[in-house]
Amino acid sequence: MSRSINKEKLLKSLRLPIIGAPLFIVSTPKLVIEQCKSGIIGAFPALNARKEDELESWLERISDELESFKSNNPEKKVAPYAVNQIVHQSNTRLKIDVEMCVKYKVPIVITSLRPPGEVVEAIHSYGGLVFHDVINMRHAQKAISQGVDGIIAVCAGAGGHAGTISPFALIKEIKEIFDGFVILSGSMSSGRDVLAAECIGADLAYMGTRFIATKEANAVDEYKDMIIDSDADDIVYSSLFTGIHGSYLKGSIIKSGIDPETLELGDKNTMNFDSNEAKAKAWKDIWGAGQGVGSMKDIPNVSDLVDEIEHDYNSTKTKISSK
């Protein structure tokens, strides 16, 4: 099947061209299932399932519940789901977790950090898609050379591990050399943001922070409240916590007894995705969020949020076409 047919088929299966980004700790089957039932791609990091056998139970639950919902609601668009795999030498579960994705024929696998050649081969064996996170063209070129189906441009303003390049620059450069899926990440929370992403050439919007502030998200209430009480000036960009630069809520840094004004540089060589303790510090205590927090004012159900995004998307499109 050609890339153009793959792209058309996936986009037609969605209610809106959105991926709910995989969020450490926050994304669990409850959130992913509601996102997919609402017609957008839901995703979770494989490492959120803290044990290997738990990942299988998560995949089984998501697959079964979505198939049941499709059968009972044939008129609705039910989106596929995605699993995020961290391609890093410290992730000793990678091989086993990828094998589990092959067993359950996970529709989309999102890879992060390192070129994902071995993952691409495994996921393509049953017709699955592989999307890869990048923050610059060097990373994009490596992933493209290894056969990925999509590039996620993690641009300035994105939450969690993020880059600093403007989407107006990075999206254009990626599309000059790549005809697969191009996905944009960075500060999107509304339907008009999704439409804007399409206008500059993205096929899909990658929306993470907005879904932390939902009822189904596996985040403590204080985290959700801090998101809706914050604005762009409350986002701190630092490499201290994981060794890779990322965007975090200033309030969570202060709450952890750290001065956000005097953060040291982190050492990427100390990054360890096999350490539960290290990850808990980075994501359980120091909370990731993107610069779009200033537009988030409530904590709705996922279904209500997607309704709101769809209304904004369609009304904005109508306003533009009528000018």
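Worth saying up front: this structure is predicted, and the values here are computed from it rather than measured. Residues take numbers from 1 onward in each chain, read along the sequence in its written order. Only residues with pLDDT of 70 or above have their local features reported here, since the model is predicted, and side-chain atom pairs are shown and tallied only from 80 upward, although totals for entire chains, interfaces and linings are computed over all residues. Computation of side-chain values covers all heavy atoms of the structure but excludes hydrogens and water.

Quick look at the layout of surface pockets
Then, in step 1: A pocket here means an open set of points on a 1 Å grid, computed over the protein atoms alone, that has protein on both sides within 12 Å along at least five of seven lines. A cavity is instead a set of points where a 1.4 Å probe fits but cannot get out; residues with an atom within 4 Å of a point line either one. Grid points are joined across faces, edges and corners, and a volume is the space filled by probe spheres set on the points. Its volume calculated, the second largest pocket comes out at about 480 Å³.
Then, in step 2: For the lining of the second largest pocket, the elements supplying multiple residues, two or more each, are helix H1 (3-12) and helix H3 (52-72).
Then, in step 3: Runs of H or I in DSSP of at least four residues are treated as helices and runs of E of at least two as strands, each being numbered from the N terminus. Element by element, the count of residues in the lining of the second largest pocket is highest for H3, at 4 residues.
Then, in step 4: By the convention adopted, Pro, Cys, Tyr, Trp, Phe, Met, Ile, Leu, Val and Ala count as nonpolar, Lys, Arg, Asp and Glu as charged, and the other residues, Gly among them, as polar. Taken together, the residues that form the lining of the second largest pocket break down as 11 nonpolar, 5 polar and 4 charged.

Quick look at the sheet that holds strand S10 (residues 235-238)
Two strands in a sheet stick together by hydrogen bonds in their backbones, pointing the same way (parallel) or opposite ways (antiparallel).
Then, in step 1: What the 3 strands build is an open sheet, ordered S7-S11-S10; its pairing is antiparallel. At either end of the open sheet lies a strand with only one pairing partner, and these are strand S7 (160-161) and S10.
Then, in step 2: Pairing between two strands requires that DSSP report at least two bridges joining them. Pairing analysis gives 2 bridges linking S7 to strand S11 (residues 246-249), with the strands arranged antiparallel. By the bridge assignment for S11, histidine 161 is matched with glycine 246.

Details of the pairing of strand S3 (residues 81-86)
Then, in step 1: Here S3 lies mainly inside the structure; 6 of its 6 residues are buried.
Then, in step 2: Relative accessibility thresholds used throughout: buried, under 20% of the residue-type maximum; exposed, over 50%; partly exposed, between the two (1.4 Å probe, protein chains only). The alternating pattern of S3 places Tyr81, Val83 and Gln85 and Ala82, Asn84 and Ile86 on opposite faces, both of which are buried.
Then, in step 3: Alignment of strand S2 (residues 41-45) against S3, held across 4 bridges, turns out to be parallel. Bridging across to S3, proline 45 finds its partner in asparagine 84.
Then, in step 4: The β-α-β motif built from S2, the intervening H3 and the parallel element S3 has right-handed crossover chirality.
Then, in step 5: Sheet topology places S3 next to strand S4 (residues 108-112); 5 bridges connect them, and they run parallel. Looking at the pairing, glutamine 85 lines up with threonine 111 of S4.
Then, in step 6: Whether a crossover is right-handed depends on one test, that the path from the first strand over the helix to the second runs clockwise when the strands point away from the viewer. Chirality of the crossover, the property in question, places the unit of S3, helix H4 (residues 94-103) and S4 among those that are right-handed.

Remarks on helix H8 (residues 191-199)
Then, in step 1: Buried residues of H8: Gly191, Val194, Leu195 and Ala197, and no others. Along the axis of H8, the buried positions cluster into a sector of 155°, meaning they face one direction only.
Then, in step 2: Two residues form a contact once any of their heavy atoms are found within 4.5 Å. Looking at the buried positions of H8, the neighbouring elements they touch are strand S1 (18-20), strand S8 (181-185), strand S9 (204-207) and helix H13 (302-321).
Then, in step 3: Looking one or two residues beyond H8, the residue adopting positive phi is glycine 201, at roughly 115°. Here the arc refers to the set of directions running from the helix axis out to each C-beta atom.

Some thoughts on the packing of helix H6 (residues 137-145) against helix H7 (residues 167-177)
Then, in step 1: Lines are fitted to the C-alpha atoms to define the axes, a helix being fitted only along its stretch in contact, and any angle between axes, read from their N-to-C directions, falls within 0 to 180 degrees. Across the interface, H6 lies against H7 with an axial gap of 11 Å and an inter-helix angle of 30°. In terms of orientation, H6 and H7 fall into the roughly parallel class. For the crossing formed where H6 meets H7, the hand is right-handed. Each of Met137, Ala140, Gln141 and Ile144 in H6 lies in contact with H7, whose residues at this interface are Leu170, Glu173, Ile174 and Ile177.
Then, in step 2: A class-by-class count of the residues in the contact of H6 with H7 yields 6 nonpolar, 1 polar and 1 charged. For classification purposes, an angle smaller than 35 degrees is called roughly parallel, one larger than 145 roughly antiparallel, one from 65 to 115 roughly perpendicular, and anything else oblique. By definition, any crossing whose near helix is turned counterclockwise from its far helix by less than a right angle is left-handed, and any crossing with a clockwise turn is right-handed.

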